[in-house]
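# Structural overview
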Amino acid sequence: MFFTSIGTVIAHVLFWTAMFGLFYTGWVGASHYGPEEIAAQTTWVSKNLGMVVIVAFGGLVLGVLCEISSRMNKTDNQA
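Read on for an overview of the structure. These numbers come from a predicted model, not from an experiment. (Residues numbered from 1 in each chain as written. Predicted model: local features only at pLDDT ≥ 70, side-chain atom pairs only at ≥ 80, totals over all residues. Heavy atoms only, no water.)

Let's shift gears to the overall build of the protein. Assigned secondary structure in the protein consists of three helices and zero strands. The order of helices and strands in the protein, counted from the N terminus, is α-α-α. Split into buried and exposed, the 79 residues of the protein put 16% on the buried side. Considering only contacts in the protein between residues 6 or more positions apart, those separated by 24 or more positions represent 83%. (Helix = DSSP H or I, 4+ residues; strand = E, 2+ residues; numbered from the N terminus. Buried < 20%, exposed > 50% of the residue type's maximum accessible area, 1.4 Å probe, protein only. Contact = heavy atoms within 4.5 Å.)

Time to look at the packing of aromatic side chains. A full pass over the atoms with the stated rule returns two aromatic pairs. With a centroid separation of 5.4 Å and 70° between ring planes, the pair formed by Phe2 and Phe3 is classed as edge-to-face. When its relative accessible area of 70% is taken as the criterion, Phe3 is described as exposed. Summarising the aromatic geometry, the rings of Phe15 and Trp16 are spaced 5.0 Å apart at their centres and angled 80° between planes, so their arrangement reads as edge-to-face. On the accessibility criterion, Trp16 (54% relative accessible area) is exposed. (Phe/Tyr/Trp six-rings, centres within 6.5 Å; stacked < 30°, edge-to-face > 60°.)

Another aspect to go through is the pattern of salt bridges. Working definition: two side chains of opposite charge can pair if their charged atoms are close together. Overall, the coordinates contain one salt bridge when judged by the stated rule. Between Arg71 and Glu67 there is a salt bridge, and its shortest N-O distance comes to 3.1 Å. A residue pair is termed a helical-turn pair when its members lie 3 or 4 positions apart in one helix, as Arg71 and Glu67 do in helix α3 (residues 42-72) at four residues. (Salt bridge = Lys/Arg side-chain N within 4 Å of Asp/Glu carboxyl O.)

A few words now on the environment of Val53. Structurally, Val53 is set in helix α3. Residue Val53 is classed as exposed on the basis of its relative accessible area of 55%. Separated by 32 residues in the primary sequence, Val53 and Gly21 place their C-alpha atoms 9.7 Å from one another.

Here you go:
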C-alpha cells in the first residue's frame, strides 16, 4: 500500500507538471514571439512538446497502474 500511495503522488506530480509545461509553452509562444521567431525555434518547441507528452503519458500510465493496485489490495475484492 505504501508504494501505491507514493506512485499516486508521483503520477499526479508528473501529470500536472506536464500540463503546466504545455500551457506555459503555448502561452509564451503565443504572447512573446512573432511567427518568424516561432519558425526559427521549431526544433526546440517540437522537442519540448514531445517531452511534455511523454511525461504526461507516463503520469497517466503510472496513475492507472496505482489505481489497479489500490483496487487489488482491498479485502472485499480478494477471493
